[in-house]
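Fold and geometry: a report
In case you want the letters, here they are:
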Amino acid sequence: MANDADPVLPAADIERGPMGGRRLYGGLGTAVGLALTVSAAMLLGRSWNACDVGVNNAANSGFLLWLFIPGLWAVLLLVWVAVGALLGNRPLLHALALAVTLLGVVWCVVSIFWEGAATPPCPSGVPHWWPSFIPAPGF
């Protein structure tokens, strides 16, 4: 039993253990990263399909499933850990920085793979379902 005056572990960490917060943080990072990655892959897949971009749906989905999702998920997990290591224990700043950084990384990656080429189904290079008030991804 640890003493309440133990300078190494705060009282909250004594009760849940030194690894409790890290496991929760890691699990949350994994879930958020996977959700953002799958959402980005679905956005790219839908835009490619609507504008008839790429070789065919099987090749496009193979790329998204086997290369894009694992690669972006790994990048988002590294960003999650880096932001957590840099900001430490400041919850509000930490949450805001994570949201801005993760969404920025996803937007940049989608912009890299976004095909803004004019095709017959999409003369402007943007699918018809894309909202006009949001600029299309791309550099």
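In this text the structure is predicted, and so the values were computed from the model without any measurement.

**What about the overall build of the protein chain?**
- When its secondary structure is counted, the protein chain shows four helices and zero strands.
- Counting from the amino terminus, helix and strand elements in the protein chain follow one another as α-α-α-α.
- Counting over 139 residues, the protein chain shows a buried share of 27%.
- Put simply, of all contacts in the protein chain between residues at least 6 apart along the chain, 66% involve residues at least 24 apart.

**So, the nonpolar core**
- Core analysis: the biggest nonpolar cluster contains 25 residues, and Leu44, Phe68, Leu72, Leu76 and Leu102 have the highest contact counts within it.
- Broken down by secondary-structure element, the contributors of at least two residues to this core are α2 (20–50), α3 (57–87) and α4 (91–113).
- Among the elements that line this core, the one with the most residues is α3, at nine residues.
- Setting aside its immediate chain neighbours within four residues, leucine 76 contacts Gly33, Leu36, Thr37, Leu102, Val105 and Val106.

**A few points about unusual backbone geometry**
- Notably, aspartate 52 is not glycine yet its phi reads approximately 55°, a positive angle.
- Here aspartate 52 shows up in the loop between α2 and α3.
- Residue class for aspartate 52 comes out exposed when judged on its relative accessible area of 61%.

**So, the state of the cysteines**
- Applying the stated rule across the entire model yields one disulfide.
- Paired through a disulfide, cysteine 51 and cysteine 122 show a sulfur-sulfur distance of 2.1 Å. Taking the sign of the torsion about the S-S bond as the criterion, the disulfide between cysteine 51 and cysteine 122, at about -95°, is left-handed. Highlighted residues: cysteine 51 in the loop between α2 and α3 and cysteine 122 in the segment after α4, separated in sequence by 71 residues. Per residue, the accessibility class of cysteine 51 equals that of cysteine 122, and both read buried.

**Focus on the side chain of threonine 37**
- Mapped onto the elements of the fold, threonine 37 is located in helix α2.
- Of the residues examined, threonine 37 reaches a relative accessible area of 0% and is grouped as buried.
- Among residues more than four places away in sequence, those in contact with threonine 37 are Phe68, Ile69, Leu72, Trp73 and Leu76.

**Some details on the packing of aromatic side chains**
- One pass over the full model with this rule turns up six aromatic pairs.
- Ring plane angle 90° and centroid distance 5.6 Å describe the contact between phenylalanine 68 and phenylalanine 113, whose orientation is recorded as edge-to-face. One end of the pair, phenylalanine 68, is in helix α3; the other, phenylalanine 113, is in helix α4, with 45 residues separating them in the sequence.
- Over the aromatic face of tryptophan 129 sits the side chain of arginine 46, whose NZ or CZ is 4.9 Å from the ring centroid.

**Observations regarding the environment of alanine 31**
- Its location among the elements puts alanine 31 in helix α2.
- The exposure class assigned to alanine 31 is partly exposed, which follows from its relative accessible area of 45%.
- Along the backbone, alanine 31 and tryptophan 73 are 42 residues apart, and their C-alpha atoms lie at a distance of 9.9 Å.

Criteria and thresholds
- The numbering scheme is per chain: residues are counted from 1 as the chain's sequence reads.
- Reporting in this predicted model follows two pLDDT cut-offs: at least 70 for local features of residues, and 80 or more for side-chain atom pairs to be given and counted; totals over whole chains, interfaces and linings ignore these cut-offs and use all residues.
- Remark: hydrogens and water are excluded; side-chain values derive from all non-hydrogen atoms of the structure.
- Secondary structure elements are taken from DSSP: a helix is a run of H or I of four residues or more, a strand is a run of E of two residues or more, and numbering for both begins at the N terminus.
- Remark: exposure states derive from per-residue accessible area (1.4 Å probe, protein chains only) relative to the maximum for the residue type, with buried under 20%, exposed over 50%, and partly exposed in between.
- A contact between two residues is defined here by any heavy atoms of the two lying within 4.5 Å.
- What we call a nonpolar core is a set of buried Ala, Val, Leu, Ile, Met, Phe, Trp, Tyr and Cys residues that are connected through their side-chain atoms within 4.5 Å.
- When the sulfur atoms of two cysteines come within 2.5 Å, that pair is taken as a disulfide.
- Aromatic rings from Phe, Tyr and Trp, with only the six-membered ring used for Trp, were paired whenever their centres fell within 6.5 Å, and each pair was classed as stacked if the ring planes differed by under 30 degrees, edge-to-face if by over 60, and tilted otherwise.
- Think of it as a cone above the ring: NZ of Lys or CZ of Arg counts as a charge over the ring if it is within 6 Å of the ring centre and within 35 degrees of the ring normal.

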